[in-house]
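Tertiary structure, described
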Amino acid sequence: MIRNYFKVAFRNFGRHKLFTLINVVGLSIGISAALVIYLLVHYDFTFDKFHKNGERIYRVVTNFSFSGTPGYNPGVCGPLPWAVKNQVTGLQQIAPIFRLSQPNVTVPNGNRPASRFKIQDNVIVADGEYFKLFQYKWLAGSAASALSAPYNVVLTSSQAEKYFPGISYEQVLGRTVVYDTLKATVSGIVQTITQNTDFTFHDFISFPTAFSNPSLKQQLRLQNWGGTSPEYQLFVKLAPQVTTASIARQINDIERKNNKPRPGVTEAFALQPLADIHFNAAYGTFDGGRVADKTTLYELSGIALFLLLLGCINFINLTTAQSAQRAKEIGIRKTMGGNRQQLIFQFLSETFLITLVSVIISVAITPAALNLFASFIPQGVDANLLFQPNLILFLFLLVTVVSLASGFYPALVLSGSKPVSAIKNQAGESGRKTRNAMLRKSLTVAQFAIAQFFIMATILVSKQIYYAVHKDMGFRKDAILIINSPWKNRQENLNRVFLNKLKAMPQVDLVSMGRSAPASDDPESTEGAYKDGKKEIKIEDLGEKFGDENYIKVYHIKLLAGRNLLPGDTSKAFLINNTLAKQLGFKDPHEAVGKMISNFNGDKDMRIVGVVADFNQESIHAAIEPLAILTSTNFYFNGTFHIALKPQTPGGNEWKTAIASMGKAWKEIYPDDDFEYQFFDQSIAQLYANEQRTSSLLSWATGLSILISCLGLLGLAIYTTSQRTKEIGVRKVLGATVSQIVVLLSTEMAWLIVLAFVIISPVGWWAMNKWMQSFADKTAISWWIFALSGGGMLLMALFTSGFQTIKAALANPVKSLRSE
């Protein structure tokens, strides 16, 4: 019986090749999208799910409030972990870690030259509790003692193979590894974690080292209750039945006893679940890695669902449209004793075969799709995931769900015909015909509504990105290079030597030495106050920029009043922006010049010597805030070179020559560090990297939704014209022109698109308005976005169906009427 079902199915596919192809292509596109997005969503939602009792593991984080402005830090103060170990009850494990700042690693090789490894990330200080809290497989050494003594280090297997290639793990034990100047002995090897994890640490230096090494002890600030560092983090595991509220209360009691309150600043510790770390951008991951966005993942899932739905709609529309053509087959089967259940199974088996073929095609093209979207897919998502057992289960469920969603209603329609009516080719009695037609129209409206929504969203996102990138942000963006001096070797005298070499280059117009550019993703802030004689105005969130006297010249920041910075202004004078001048009550910028800001940075008074025009300090997601521009002799604030290049001649390579000269000068001054640079306009574009990825994704979703919708429309146009062949012939005999027939055949479809436009426009406006709320400065949601969406969809639909309708209108009426 089942064999017969499949034979009939293949025979039907061969008889209707075009409709079968449309169904397969539509479902393949939807399933491919679902498969790629499933791999991405599954990848992110499986991070660190393998840890035993992971639901009881938390990170202790610090929440601040600076005069009402919230602040979030994933770290804790130095003494807290030890106080928690001694005073907090209800915890099974307490594991502090401290992340070293990208040490250079040296591995001695006896009489041979030492191996050197620059800038190693994810080197931490930890104790034995870490390996009790998180599960690692030990390959050499003992978990109980490996980190109990000072100057010991545990390596992951991949790092051991990197440092000591070609020797066994047991032979690695006892070997020496030097982290900058800290010399450690390898005491253990653990298996590198292969599951999805944010625990990418690979060197674990014993915590007792911190008590013996003066430099490391100073970095940890083990006696300082007032300093919180994101590099110093604390993980705890709660005992069963213990609540997070009770642990947080105990930890905050400890902090209140030992830390003196600061005016305007409140501090509180909280417990962040392990499962939240991969998704919470406020605190970030503990290794500084990628933070996933749950909202984006849900949006991706929605896009996959919509594309899958469009493919299913095509199948339902085309299958129900063909019901009359299979009427005799249904009637004969019923007359020969076939029951409705058997017919339903027959039609579902056809749907299953089409879905199965579509899934096979989708699996085959998924590696290419992953490469196509590699720019915004995490590195861990690749074609190797296609062979995991969970994916087989997902594909099985996908085939089942899509087969039922696409085939169940058509199966009910096709199997519901009465035998006598079916044999007389009356399978679609008037009532059923009407119901089927209404369903097809409703599904077609749904298709075009989804496609138009994607078009609207794509146009608006692209418009906002263009606005953001090309907006006048209050400073010059083009022809400016940014070079950061090496952090570890940052010395004032070396920086000055490099600065002088830059100034001497003929392609360089101007150079400033300072810190961050006018707009960046790492804003800094301080505080201060202004007394106008009557009252004190507190400045609670005052942005800071550091630069020398050339800073505003390089970036063409307009000076509205007063003078520019001078080298001698380091501790007594600064510039402010017009927003701060207005906040202090000055209507004219000139009135602010000469006024004093007290308690600047909490401990000094500074004079305003000039007021500059407002400019964006971050992306346009954030509003323009009060700002101070200072100069400083501290090398920490003078590690970035801002280089304005002279214009290039047409077709010239002056900039390329300049960059090559800068690289050569760099190697002379910083021989151990790599030369890296970035054009400022590129860094501005990177501020909108998420929006660029969203735009790219929407563009693909829009294109695919239009393709699926137009394929379905083409199928319906072919069916409609074939069903109305005699009607068209009669109309032509009675004098109808080709244009009149084309309009007749196209009008119904056009009204469906208009109806879809009317339905989706309010939804599109609401969704776009909600998305735009994240921008402080935004473009308008223009009327032409909707007009272009509706008009564009209408033109594409007319173009898709036009060939078929024109072909039908041009057909010789004699051929269509000769059988009458």
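These notes cover the structure that comes with them. (Residues numbered from 1 in each chain as written. Predicted model: local features only at pLDDT ≥ 70, side-chain atom pairs only at ≥ 80, totals over all residues. Heavy atoms only, no water.)

On to unusual backbone geometry, then. Of note, the phi angle at Asn53 is positive, near 55 degrees, even though the residue is not glycine. Considering the arrangement of structural elements, one finds Asn53 in the loop between α2 (17-45) and β1 (57-66). The backbone of Ala479 shows a phi angle near 60 degrees, a positive value even though the residue is not glycine. Positionally, Ala479 belongs in the loop between α15 (430-470) and β16 (480-484). (Helix = DSSP H or I, 4+ residues; strand = E, 2+ residues; numbered from the N terminus.)

Looking now at the nonpolar core. One finds Leu27, Val381, Leu391 and Phe394 to be the most contacted residues of the largest nonpolar core, which totals 49 residues. Broken down by secondary-structure element, the contributors of at least two residues to this core are α2, α10 (294-321), α12 (340-372), α13 (389-415), α15 and α22 (689-723). Broken down by element, the residue count for this core peaks at 14 residues, all from α2. Contact partners of Leu27, with chain neighbours within four places excluded, come to Gly311, Cys312, Phe315, Ile354, Thr355, Ser358, Val402 and Ser406. Val76, Leu91, Leu100 and Val107 belong to the second largest nonpolar core, which has 47 residues in total. (Core = buried A, V, L, I, M, F, W, Y, C linked by side-chain atoms within 4.5 Å. Buried < 20%, exposed > 50% of the residue type's maximum accessible area, 1.4 Å probe, protein only. Contact = heavy atoms within 4.5 Å.)

What follows is about the pattern of salt bridges. All told, the structure shown has 6 salt bridges when counted by the stated rule. A salt bridge links Arg256 to Asp253; the nearest nitrogen and oxygen atoms lie 2.6 Å apart. In this pair, Arg256 and Asp253 both sit in helix α9 (residues 244-258), 3 residues apart, roughly one turn of the helix. Residue Lys471 is joined to Asp777 by a salt bridge in which the shortest nitrogen-to-oxygen separation is 3.4 Å. Separated by 306 residues along the polypeptide, Lys471 in the loop between α15 and β16 and Asp777 in the loop between α24 (738-772) and α25 (783-810) bring together distant segments of the chain. A residue is classified by how much of its surface remains accessible, and Lys471, at 16% relative accessible area, is buried. (Salt bridge = Lys/Arg side-chain N within 4 Å of Asp/Glu carboxyl O.)

Turning our attention to the sheet that holds β16. Consider a sheet: its strands pair through backbone hydrogen bonds, and that pairing is either parallel or antiparallel. What the 4 strands build is an open sheet, ordered β17-β25-β16-β26; its pairing is antiparallel. A single partner strand is all that each edge strand has here, and the edge strands are β17 (508-514) and β26 (678-679). Sheet analysis places β16 next to strand β25 (residues 640-645), joined by 5 bridges and oriented antiparallel. When the sheet's bridge partners are listed, Asn484 is paired in β25 with Thr640. (Pairing = 2+ DSSP bridges.)

It is worth spelling out the side chain of Gln464 at this point. If you trace the backbone, Gln464 turns up in helix α15. When sequence neighbours within four positions are dropped, the list of residues in contact with Gln464 reads Ile620, Trp771, Met772, Phe775, Asp777, Lys778 and Thr779.

The next subject is the pairing of strand β10 (residues 176-179). In the case of a regular strand, side chains alternate between the two sheet surfaces. With 2 bridges joining them, strand β5 (residues 105-109) and β10 adopt antiparallel strand pairing. Among the inter-strand pairings, Thr106 is bridged to a residue of β10, identified as Val178. For β10 and strand β11 (residues 182-190), the ladder comprises 4 bridges, and the chain directions are antiparallel. Its bridge partner being in β11, Val178 is matched across the sheet by Lys183. Where β10 folds back on β11, the antiparallel hairpin that results is connected by 2 residues, among which Asp180 adopts a positive phi of roughly 60 degrees.

Another aspect to go through is the pairing of strand β12 (residues 203-206). Residues Asp203 and Ile205 of β12 are buried on one face, and the alternating residues Phe204 and Ser206, pointing to the opposite face, are buried as well. In this structure, strand β7 (residues 123-126) lies alongside β12, joined through 4 bridges in parallel fashion. Following the sheet pairing, Val125 is matched in β12 by Ile205. Note that strand β9 (residues 152-156) and β12 share 3 bridges and pair antiparallel. In the strand pairing of β12, Val153 is matched with Ile205.

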